[in-house]
Amino acid sequence: MRLLFLQKEELEPFVSRLIAWQEVVGPKAKKNRFVFDKLESPAELRLDYDTTILPPKKYFFQPQQDLIRFSPEGFTGCIEPKPRIIFGVHPYDIKAISMLDYLFSDGKKDWNYLANRQAATIVGINVHQVFKTAFFESMGASIVTKGYDLFLTDIGEEGFVVEVATDKGEALLAYGHFTQVTPDQAQKRRKILYGQSDRCSQKLFNLPEEVSEKVALSFYHPIWEEMASRCFSCGACNLVCPTCYCFDVQDMWNLDQESGIRFRTWDGCLTEDFAKVTVQGGTENFRQDRSSRYRHRIMRKAVYLNSKLGGPACVGCGRCASACPADLANPVPVLNKIMEG
Amino acid sequence: MKIPKVAFFDFTSCEGCQVEIANFDQDLLKLLQVVEVVEFREIMKETCSEPLDIAFIEGSFSREKDRERLQKIRQRANLVVAYGSCAATGGINALKNHKPDYKYKVEVYGADATMPHLETQKALPISAAIPVDLAIPGCPVNRQEFVRLVSDLLHGKAPTIPNYPVCMECKKKENICRYELQDTCLGVVARAGCGALCPSNGIPCEACRGFVDNPNLDSLVELLIKTGMQPAYAMAKARMFTANLVEE
Amino acid sequence: MNHPYSYADDREEKLITTEGAEREEENIFLPKPARVLQAQPMGRTEKYFRLAFSDGSSMGHQPGQIVEASLFGYGEIPLGIASSPTREGYFDLLIRKAGRVSTALWNLEIGDTMYIRGPLGKGFPVDEFKGHDVLIVAGGIGLCPTRSMIEYIEDRREEFGHFTLFFGARTPKDQLFPNDLARWREEIDWIEYHETVDQGSPEWKGNVGVITTLFAKTSISKGCRVIICGPPIMYKFVIKELKKLGIPDAHIYVDLERRMKCGVGKCGHCQINGLYVCTDGPVFNYARIKNLEEAF
Ligand code: SF4
Ligand code: SF4
Ligand code: SF4
Ligand code: SF4
Ligand code: SF4
Ligand code: FES
């Protein structure tokens with residue numbers, strides 16, 4: 001592992017030079033929350049953020065993404081990646097990005113996502129403040145060993161121990177003043193990354209593997225009905241999730257009424273019409289009840305995708321819990337209750 | 001595609017939707033290259049009686065004697081589009097449906113309350129008087145959505161209006177939820193399509209576009225009460241733009 | 001407590017480095033234009049299309065596979081391919097006028113262009129059928145995807161045992177592919193054809209009743225391989241009959257319909273629990289999905 005050191009006061013010049021070179025996005029404050037956004041100056045960067053409203057997936061799989069442009073002359077694809085540095089990504093989000101990387105390249109490759117992903121350089125950062133509803137420790141997502149190009153560990157007043165993981169990460173080094181890391185600094189890094197546990201106030205009482213086994217057998221558990229009676233089917237829990245990647249595809253004409261676009265836009269399995277289809281002349285909604293949709297999401301996080309991903313499709317970021325207006329999207333109490341019963 | 005003839009008409013409304021459309025600027029000019037507007041009070045004078053491809057109607061049906069005028073429009077037009085919440089659902093006008101008419105007229109119009117043009121019945125959607133091919137909600141209508149739906153109509157494609165709540169669009173814009181700011185918001189039950197205009201501008205959604213097909217109103221009232229609202233006020237709020245949808 | 005279980009460790013090679021041109025080539029959303037060779041209304045709301053890819057390429061599908069068919073500006077819909085890969089130079093589709101996209105596609109005429117992505121998904125595993133008797137139970141528009149298999153059996157007759165086809169429609173007017181039906185009624189050497197309608201008409205001389213009544217008309221061997229495709233409600237009843245005959249679950253294949261958007265296992269719309277109808281199906285072995293909630 002290649003480790004270097006960046007002094008605290010060297011961070012701003014480093015980020016400044018990166019901004020002058022490429023688009024750099026990072027966590028910025030938005031009232032009492034944070035969002036990933038384009039950095040105009042290094043002062044905007046808030047590496048002490050807890051979590052962002054939307055995960056960084058929005059840069060690879062945009063809320064609305066053109067797929068095809070058409071006109072009377074013909075049609076073309078819209079794979080147009082733009083180089084970008086995503087600065088200050090937390091481990092759980094890095095893990096979620098790795099999952100999406102896998103899902104979008106499994107079977108047929110989705111270059112509309114993958115090209116954006118390839119064009120991005122990811123600079124990770126350890127979590128300073130734990131978000132109020134996060135439970136990434138329970139999901140094995142407090143530590144990542146890959147999925148980033150550089151990883152910064154803030155060891156306090158001195159500065160950051162920087163892990164250089166890839167050639168893309170290597171390429172950033174020219175823009176900053178890095179020094180050799182001392183054994184003491186490397187030791188501090190290890191303590192911060194591996195020595196801390198119990199920082200999340202929310203916890204699963206069981207291992208994800210155990211949870212997945214039991215939840216798979218709980219299709220008819222009363223909890224789905226109980227929770228979903230207050231659900232608005234608003235899909236907020238889907239859209240803020242770093243591992244949700246469902247989408248709808250639509251066509252639209254431009255004002256000239258001749259040319260237009262086919263685009264995809266985020267969809268959520270909690271919304272009423274998600275699984276509704278016209279079959280054999282009638283309409284059939286395969287998940288008609290709120291509870292079946294509510295269950296589908298939890299199942300999809302805890303069970304359905306495990307065989308593809310080798311583990312649950314939830315990283316414990318806690319975004320869904322905070323985004324739900326009815327305060328019922330948090331998987332932790334649901335999963336713990338199923339495990340108890 | 002032959003250039004379709006379209007006309008705009010208004011009934012009981014604030015004309016805000018017409019203004020919204022007249023303010024299209026560049027977009028309106030481009031759209032005018034593909035449609036011919038033969039009647040539009042907000043931007044032109046002449047009126048005519050020739051057949052129309054699309055009649056756009058603004059405002060609610062709130063006077064029995066408007067029925068005849070509406071029927072005439074229906075006869076002339078191949079497609080009738082009720083645009084704006086007044087026309088689509090009765091909109092804000094329908095608020096009065098729950099109160100005795102008289103008291104309101106006096107409050108608002110004072111001594112003029114007995115003038116004949118104020119003789120109104122319940123405020124109803126245009127569809128209560130004539131068959132409507134498409135109802136576009138919004139108070140006022142959203143320009144982008146209006147253009148898109150009209151564009152679908154011009155191509156003979158049945159237009160779709162989302163059946164998911166405003167929250168979907170709100171989250172795509174990465175807004176902080178009003179509830180996280182100790183405010184209220186009807187976005188959880190309101191039909192999307194406006195791009196979450198209000199929460200994106202720092203104010204709660206009032207569901208001016210009406211509700212999704214199956215709004216969870218019980219849960220909404222519970223949520224509003226939890227934010228500290230009086231139960232009766234919470235109910236009233238849930239009804240503001242949707243009086244004709246939520247029966248007492 | 002940390003549980004650093006290893007996520008997808010051995011799978012990372014999947015994130016690859018392909019460059020521009022190949023990416024365009026592999027763009028899963030780009031359709032290929034296909035020209036309408038024949039177009040003929042059929043049934044009440046259906047229209048039959050024969051098409052060929054404009055670049056001369058062949059579909060190269062398995063019977064039972066699907067395509068996404070589209071018109072720009074209107075959108076895309078999934079359709080079962082209605083012709084056998086053994087018939088080269090064209091492919092058949094049947095479009096039922098139901099929504100925005102299907103209505104626009106329905107309106108196409110000879111010489112027009114339709115945009116096609118496919119073949120997609122998994123069709124009938126023909127090798128599993130070879131050397132065995134075959135029964136196809138098709139209800140309504142379910143005749144359309146199974147027709148790809150029917151034609152396949154006709155063209156490779158010697159590879160299969162006795163072949164029986166049950167077809168049920170709502171009324172005689174709803175019957176599809178009238179030319180095929182007329183032929184199947186006559187040609188008894190390669191196909192044993194039975195049909196029924198839910199409601200008859202004065203001119204109708206054939207059977208009236210639900211599709212399961214056809215089981216009384218013939219005998220089905222225990223070793224028979226079965227394909228079922230029809231409205232959701234039909235599956236349960238047909239499977240019940242097959243159970244009575246002692247046909248094992250693993251010999252039954254069902255062809256399912258779901259909402260589909262991407263057709264390539266990404267968008268999530270077609271998911272039944274952990275399975276994707278667009279990539280794992282639309283043809284499923286019944287033994288594999290019978291215990292899956294939300295499947296039927
Ligand atoms: S399910 Fe919730 S906690 Fe888990 S990854 Fe998604 S948003 Fe985060
Ligand atoms: S199925 Fe539901 S939980 Fe899954 S990715 Fe789609 S929206 Fe998210
Ligand atoms: S955010 Fe909450 S209310 Fe909205 S769909 Fe999800 S669980 Fe239901
Ligand atoms: S602010 Fe309103 S519309 Fe936006 S997420 Fe919250 S409840 Fe939904
Ligand atoms: S956010 Fe709500 S009130 Fe505002 S325009 Fe949209 S539907 Fe109307
Ligand atoms: S249709 Fe998109 S996943 Fe199957």
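The model shown is predicted, which means the values in this text are computed figures rather than measured ones.

Caption draft 1: Broad picture of the sheet that holds strand S4 (residues 64-71) of chain A. Taking strand neighbours across the sheet as the criterion, the 4 strands line up as S5-S4-S12-S11 (chain A) in an open arrangement whose pairing is antiparallel. The open sheet has two edge strands, strand S5 (74-77) and strand S11 (247-253) of chain A, and neither has a second partner. Going from strand to strand, the sheet's axes swing by 20° on average, the running direction of each strand aside. Direction of pairing for S11 of chain A relative to strand S12 (residues 260-266) of chain A: antiparallel, over a ladder of 7 bridges. In the strand pairing of S12 of chain A, Met 252 of chain A is matched with Ile 261 of chain A. In the packing of helix H3 (residues 111-118) of chain A onto the sheet, the strands contacted are S4 and S12 of chain A, and the crossing angle to S4 of chain A comes to about 120°. Strand contacts of helix H6 (residues 143-154) of chain B: S11 and S12 of chain A, with the helix running at about 70° to S11 of chain A, the strand carrying the most contacts.

Caption draft 2: Region of the structure containing unusual backbone geometry. In this chain, Gly 118 of chain C is followed by Pro 119 of chain C through a cis amide linkage whose omega measures 5°. In this fold, Pro 119 of chain C is placed in strand S6 (residues 113-120). Despite not being glycine, Ala 196 of chain B shows a phi value in the positive range, around 55°. Position of Ala 196 of chain B among the secondary structure elements: in the loop between helix H7 (166-172) and helix H8 (197-200). Residue classification places Ala 196 of chain B among the buried residues on the basis of a relative accessible area of 0%. Backbone geometry at Phe 177 of chain C places phi at a positive 45°, although glycine is not the residue there. For Phe 177 of chain C, the position within the fold is in the loop between strand S8 (163-169) and helix H5 (178-186).

Caption draft 3: Molecular detail of the domain arrangement of chain C. Residue and element names in this part refer to chain C. Along its sequence, chain C is carved into domain 1 (14-119) and domain 2 (126-255). Relative placement of domain 1 and domain 2: their C-alpha centres are 26 Å apart. Counting from both sides, the interface comprises 18 residues of domain 1 and, opposite them, 19 residues of domain 2. Buried surface at the junction of domain 1 and domain 2, both sides included, amounts to about 1,700 Å², of which 58% is carbon and sulfur. Counting across the interface, domain 1 meets domain 2 through 5 salt bridges. The tally of links from domain 1 across to domain 2 stands at 10 residue pairs in polar contact (both at pLDDT 80 or more). Those elements giving two or more residues to the side of domain 1 that touches domain 2 turn out to be strand S2 (46-53) and strand S5 (91-96). Counting residues per element, the side of domain 1 that touches domain 2 draws most heavily on S5, at 3 residues. Across the side of domain 1 that touches domain 2, the residue classes tally to 7 nonpolar, 6 polar and 5 charged.

Caption draft 4: Inspection of the site of ligand 5 at higher detail. For ligand 5, the full set of nearby residues is Cys 194, Leu 197, Cys 198, Pro 199, Cys 205, Glu 206, Ala 207, Cys 208 and Arg 209 of chain B. Its residues placed into classes, the shell around ligand 5 shows 7 nonpolar, no polar and 2 charged.

Caption draft 5: Geometry of the confidence of the model for chain C. The predicted model of chain C averages 87 in pLDDT, with 91% of residues at 70 or higher. Note on residues 1-18 of chain C: pLDDT is under 50 here. Beyond four places in sequence and across chains, it has 52 contacts.

Caption draft 6: Structural context of the interface of chain B and chain A. Across the boundary between the two partners, chain B contributes 37 residues, which contact 41 residues of chain A. Taken together, both faces of the contact between chain B and chain A bury some 3,300 Å²; the carbon and sulfur share is 56%. Looking only at chain B, the three residues that lose the most surface to chain A are Lys 171, Lys 172 and Glu 174 of chain B, adding up to 22% of its buried area. Between chain B and chain A we count 3 salt bridges in total. Put simply, chain B and chain A have 18 residue pairs in polar contact (both at pLDDT 80 or more) between them. Of all the secondary structure elements, the ones that give two or more residues to the side of chain B that touches chain A are helix H2 (26-32), H6, H7 and helix H9 (217-226) of chain B.

Caption draft 7: Structural detail: the pattern of salt bridges. If you walk through the whole model with that rule in mind, you get 53 salt bridges over all chains. Where Arg 117 of chain A meets Asp 101 of chain A, a salt bridge forms, and the shortest distance between an N and an O atom there is 2.9 Å. Linking Arg 117 of chain A in helix H3 with Asp 101 of chain A in helix H2 (residues 91-105), this pair joins segments that are 16 residues apart in sequence. By relative accessible area, Arg 117 of chain A is classed as buried at 6%. Here the salt bridges share partners, and the residues they tie into one network are Arg 50, Arg 87, Asp 92, Arg 147, Glu 151, Glu 154, Asp 155, Asp 180, Arg 183 and Glu 187 of chain C.

Caption draft 8: Spatial organisation of the packing of H2 of chain A against H3 of chain A. Residue and element names in this part refer to chain A. At their nearest, the axes of H2 and H3 sit 9 Å apart, and the two run at 140° to each other. Comparing the axis directions of H2 and H3 gives the class oblique. Here H2 and H3 pass one another in a crossing that is left-handed. Residues Ile 97, Leu 100, Asp 101, Phe 104 and Ser 105 of H2 pack against Tyr 113, Leu 114 and Arg 117 of H3. In the contact of H2 with H3, the residues fall into 5 nonpolar, 1 polar and 2 charged.

Caption draft 9: Examining the sheet that holds strand S9 (residues 192-197) of chain C more closely. All names here are of chain C. Taken in spatial order, the 7 strands of this open sheet run S10-S9-S8-S7-S11-S12-S15, and their pairing is mixed. Looking at the sheet topology across the chains shown, the edges are occupied by strand S10 (207-208) and strand S15 (283-285). Along the sheet face, helix H4 (residues 143-155) touches strand S7 (134-139), S8, strand S11 (225-229) and strand S12 (252-255) and points at about 155° away from the line of S7. Where H5 meets the sheet, its contacts fall on S8 and S9, and the angle it forms with S9 comes to roughly 125°.

Rules used in this analysis
- Residues numbered from 1 in each chain as written.
- Chains lettered and ligands numbered in written order.
- Predicted model: local features only at pLDDT ≥ 70, side-chain atom pairs only at ≥ 80, totals over all residues.
- Heavy atoms only, no water.
- Pairing = 2+ DSSP bridges.
- Helix = DSSP H or I, 4+ residues; strand = E, 2+ residues; numbered from the N terminus.
- Axes fitted to C-alpha atoms, helices over the stretch in contact; angles between N-to-C directions.
- Contact = heavy atoms within 4.5 Å.
- Buried < 20%, exposed > 50% of the residue type's maximum accessible area, 1.4 Å probe, protein only.
- Domains from an automatic or database assignment.
- Buried area = accessible area lost by both parts, 1.4 Å probe.
- Salt bridge = Lys/Arg side-chain N within 4 Å of Asp/Glu carboxyl O.
- Polar contact = N/O pair within 3.5 Å; in protein donor to acceptor, adjacent residues only side chain to side chain.
- Nonpolar A, V, L, I, M, F, W, Y, C, P; charged D, E, K, R; others polar.
- Near = heavy atom within 4 Å.
- pLDDT = per-residue confidence, 0-100.
- Parallel < 35°, antiparallel > 145°, perpendicular 65-115°, else oblique.
- Left-handed = near helix turned anticlockwise from the far one by under 90°.

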